[in-house]
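So you can see what is in the structure, the chains are spelled out below.
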Amino acid sequence: MRTPLTSLAGLDLLSSAVIVLDADGSIIFANAAAENLLDSSFKSLTHQKLADLFLNGEELLAVFHQAVQHQFADKRQDLALERAGREPLHVHSIVTALDNPDTPVLIELRENVQQLKLDREERMLDQSKANKELIRNLAHEIKNPLGGIRGAAQLLEMELPERQLKELREYTQVIIKEADRLQTLVDRLLAPHRLPHIVGDVNIHEVCERVLRLIFAEFPHGLNIKRDYDLSIPEFRGDKEQLIQVVLNIAHNAAQALVDRIRAGDAELTFKTRVLRQITLAKVRYRLALDLHIIDNGPGIPSEIRNRIFYPLVSGRDGGNGLGLTLAQTFVQQHMGVIECESRPGFTDFRILIPLP
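Residues numbered from 1 in each chain as written. Predicted model: local features only at pLDDT ≥ 70, side-chain atom pairs only at ≥ 80, totals over all residues. Heavy atoms only, no water.

Enquirer: I tried to follow the pairing of strand β9 (residues 267-281) on my own but got confused; where do I start?
Expert: In summary, the side chains of a regular strand alternate between the two faces of the sheet. Looking at chain direction, strand β7 (residues 223-228) and β9 are connected through six bridges and run parallel. Within the sheet, the bridge partner assigned to Asp228 lies in β9 and is Lys272. Pairing between β9 and strand β10 (residues 284-296): 12 bridges, direction antiparallel. Bridge assignment links Leu281 to a residue of β10, and that residue is Val284. In sequence, β9 turns back onto β10 through a hairpin of two residues, with Ala282 there showing a positive phi of about 50°. (Pairing = 2+ DSSP bridges. Helix = DSSP H or I, 4+ residues; strand = E, 2+ residues; numbered from the N terminus.)

Enquirer: What am I meant to see in the pattern of salt bridges here?
Expert: Oppositely charged side chains can pair when the atoms bearing their charge come close. One pass over the structure, following the stated rule, counts 14 salt bridges. For the salt bridge of Arg150 with Asp180, the shortest nitrogen-to-oxygen distance reads 2.5 Å. Separated by 30 residues along the polypeptide, Arg150 in helix α4 (residues 113-158) and Asp180 in helix α5 (residues 165-194) bring together distant segments of the chain. Accessibility expressed as a relative area gives 31% for Asp180, which makes it partly exposed. Between Glu157 and Arg169 there is a salt bridge; the shortest N-O distance is 3.3 Å. Of this pair, Glu157 sits in helix α4 while Arg169 sits in helix α5; the two residues are 12 residues apart in sequence, bridging distant segments of the chain. Through salt bridges that share partners, Asp291, Glu340 and Arg351 make up one connected network. (Salt bridge = Lys/Arg side-chain N within 4 Å of Asp/Glu carboxyl O. Buried < 20%, exposed > 50% of the residue type's maximum accessible area, 1.4 Å probe, protein only.)

Enquirer: Explain the packing of helix α6 (residues 204-218) against helix α7 (residues 240-257) here, please?
Expert: Axis angle and axis distance: for two packed helices, these are the angle between their axes and the distance between the axes, and together they describe the pair. Close contact between α6 and α7 brings their axes to 9 Å; oriented N to C, the two are set at 40°. Looking at the two axes, α6 sits oblique to α7. The way α6 lies across α7 gives a crossing that is right-handed. Listed contacts from α7 to Glu206, Val207, Arg210, Val211, Leu214, Ile215 and Glu218 of α6 are Lys240, Glu241, Leu243, Ile244, Val247, Leu248, Ala251, His252 and Ala255. Residue composition of the contact of α6 with α7, grouped by class: 10 nonpolar, one polar and five charged. (Axes fitted to C-alpha atoms, helices over the stretch in contact; angles between N-to-C directions. Parallel < 35°, antiparallel > 145°, perpendicular 65-115°, else oblique. Left-handed = near helix turned anticlockwise from the far one by under 90°. Contact = heavy atoms within 4.5 Å. Nonpolar A, V, L, I, M, F, W, Y, C, P; charged D, E, K, R; others polar.)

Enquirer: Explanation requested: the nonpolar core in the structure shown.
Expert: Nonpolar side chains tend to gather and get buried jointly when the protein is soluble and globular. Core analysis: the biggest nonpolar cluster contains 45 residues, and Ile215, Leu223, Leu269 and Phe271 have the highest contact counts within it. Among the elements of the structure, α6, β7, α7, β9, β10, α9 (324-334) and β12 (347-356) are those that each provide at least two residues to this core. Element by element, the count of residues in this core is highest for α7, at nine residues. For Leu223, the contacting residues outside a window of four places in its chain are Ile215, Ala255, Leu258, Ile262, Ala267, Glu268 and Leu269. The next biggest cluster of nonpolar side chains, apart from the first, holds 33 residues, and it includes Phe29, Ala34, Phe72 and Ala97. (Core = buried A, V, L, I, M, F, W, Y, C linked by side-chain atoms within 4.5 Å.)

Enquirer: What should I look at first to understand unusual backbone geometry in this one?
Expert: A negative phi angle characterises most non-glycine residues, just as the trans form characterises most peptide bonds. Unusually for a residue other than glycine, His70 sits at a positive phi of about 55°. Mapped onto the secondary structure, His70 falls in the loop between α3 (58-68) and β3 (74-81). Classification of His70 by relative accessible area gives partly exposed; the value is 48%. Positioned with a positive phi, Met336 is a non-glycine residue whose angle comes to about 65°. Assignment of secondary structure puts Met336 in the loop between α9 and β11 (338-344).

Enquirer: What should I look at first to understand the side chain of Ser26 in this one?
Expert: Topologically, Ser26 is positioned in the loop between β1 (17-21) and β2 (27-30). For Ser26, a relative accessible area of 9% corresponds to the buried category. In this structure, Ser26 is in contact with Val20, Leu21, His47, Gln48 and Lys49, ignoring residues within four places of it in sequence.

Enquirer: I keep staring at the environment of Phe219 and nothing clicks. Help me out?
Expert: When you line up the elements, Phe219 lands in the loop between α6 and β7. The contact partners of Phe219, leaving out residues within four places of it in the chain, are His252, Ala255, Gln256 and Ile262.

Enquirer: Which parts of the structure should I look at to understand the side chain of Thr172?
Expert: Within the secondary structure layout, Thr172 lies in helix α5. Residues within four places of Thr172 in sequence aside, it is in contact with Ala153, Leu156, Glu157 and Leu160.

Enquirer: Mind showing me how you'd approach the sheet that holds β9 here?
Expert: To summarise the sheet geometry, strands pair through backbone hydrogen bonds and adopt either a parallel or an antiparallel arrangement. Taking strand neighbours across the sheet as the criterion, the five strands line up as β7-β9-β10-β12-β11 in an open arrangement whose pairing is mixed. At either margin of the open sheet sits one strand with a lone partner, and together these are β7 and β11. Taking each pair of neighbouring strands and ignoring which way they run, the sheet shows an average axis angle of 20°. One ladder, built from nine bridges, connects β10 with β12; its direction is antiparallel. Within the sheet, the bridge partner assigned to Leu290 lies in β12 and is Ile354. Contacting β7, β9, β10, β11 and β12, α7 runs over the sheet at an angle of about 35° to β10.

Enquirer: Whenever I open this one, α3 confuses me. Can you help?
Expert: Side chains of residues three or four places apart in an α-helix project in the same direction, reflecting 3.6 residues per turn. Of all the residues in α3, the buried ones are Leu60, Val63, Phe64 and Ala67. All buried residues of α3 fall inside an arc of 110° around its axis, so they share one side. The elements touched by buried residues of α3 are β1, β3, β4 (89-97) and β5 (105-111). Backbone geometry just after α3 places His70 at a positive phi near 55°. (Arc of directions from axis to C-beta.)

Structural data, given as structure tokens:
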């Protein structure tokens, strides 16, 4: 049961995490936001030492001692607080020296969302570069012997005895067809790196409407498509065909994930466009950016592949080849943008961010 000090009870109304320490560095109060941020109850936090909360708590502890000695009124810094078995907490900390000997220090922690976003984008870029290099090398290693395998199978078929031709031709045809299938897969893997980047004026709503017509044609019944457009979004320079492919790949995946809801008649696919101002994408600051959301109310992306959906050949659907999102990510990055994804049962949101003029 929470039993906060009466004078500190109002801190529960704050959205930022607040911890109050005694002179020994033990926690005597933590507000509700601190419980959420640290994923611990008030009871378990109380009387713990500040330094014991984090693997690298010595930096925060050093500032605590400075505050106790009244070396400053308050001190602000960005920290990455490491926790056993969990992701680090990127926070902006404000350590304040109080005039109360029983509660000499108050620490406020605000999660640094921007830093988390930058780290995530940097990981995605590194992953994408590694994927491209892997794909190129793998595709070329596969492609070179494929022609030889197919040619050898054709020559073997020509040498088959007439009396056994019909019986044995089945096996040579299997080899030829599988070689052709692999050749098609390799060509699709290499396609994003071969196609020229054709730049022209792009209206993102024309792109969305083109995709919607294609989705309507394949799913004419049971799929409710919603448009939530900001018509003030300006045209920008880009490759229209690539962007159509990006939106189509994501929307088509969403529609296929909605098959059960389409049968039930309550499937929803939403296209939403907005303009963002003063945004950082891949460590570059832009004045304006397109913010395109493709949202569905399907079952969500399986948790076991949620962090790998942009990897090549990773698919959550039977029969999927796992190339659609990899291709989409490549094309968006060629437009200096990023793709983000949030998914849970009943809600999946793919967000495309591209700089605007």
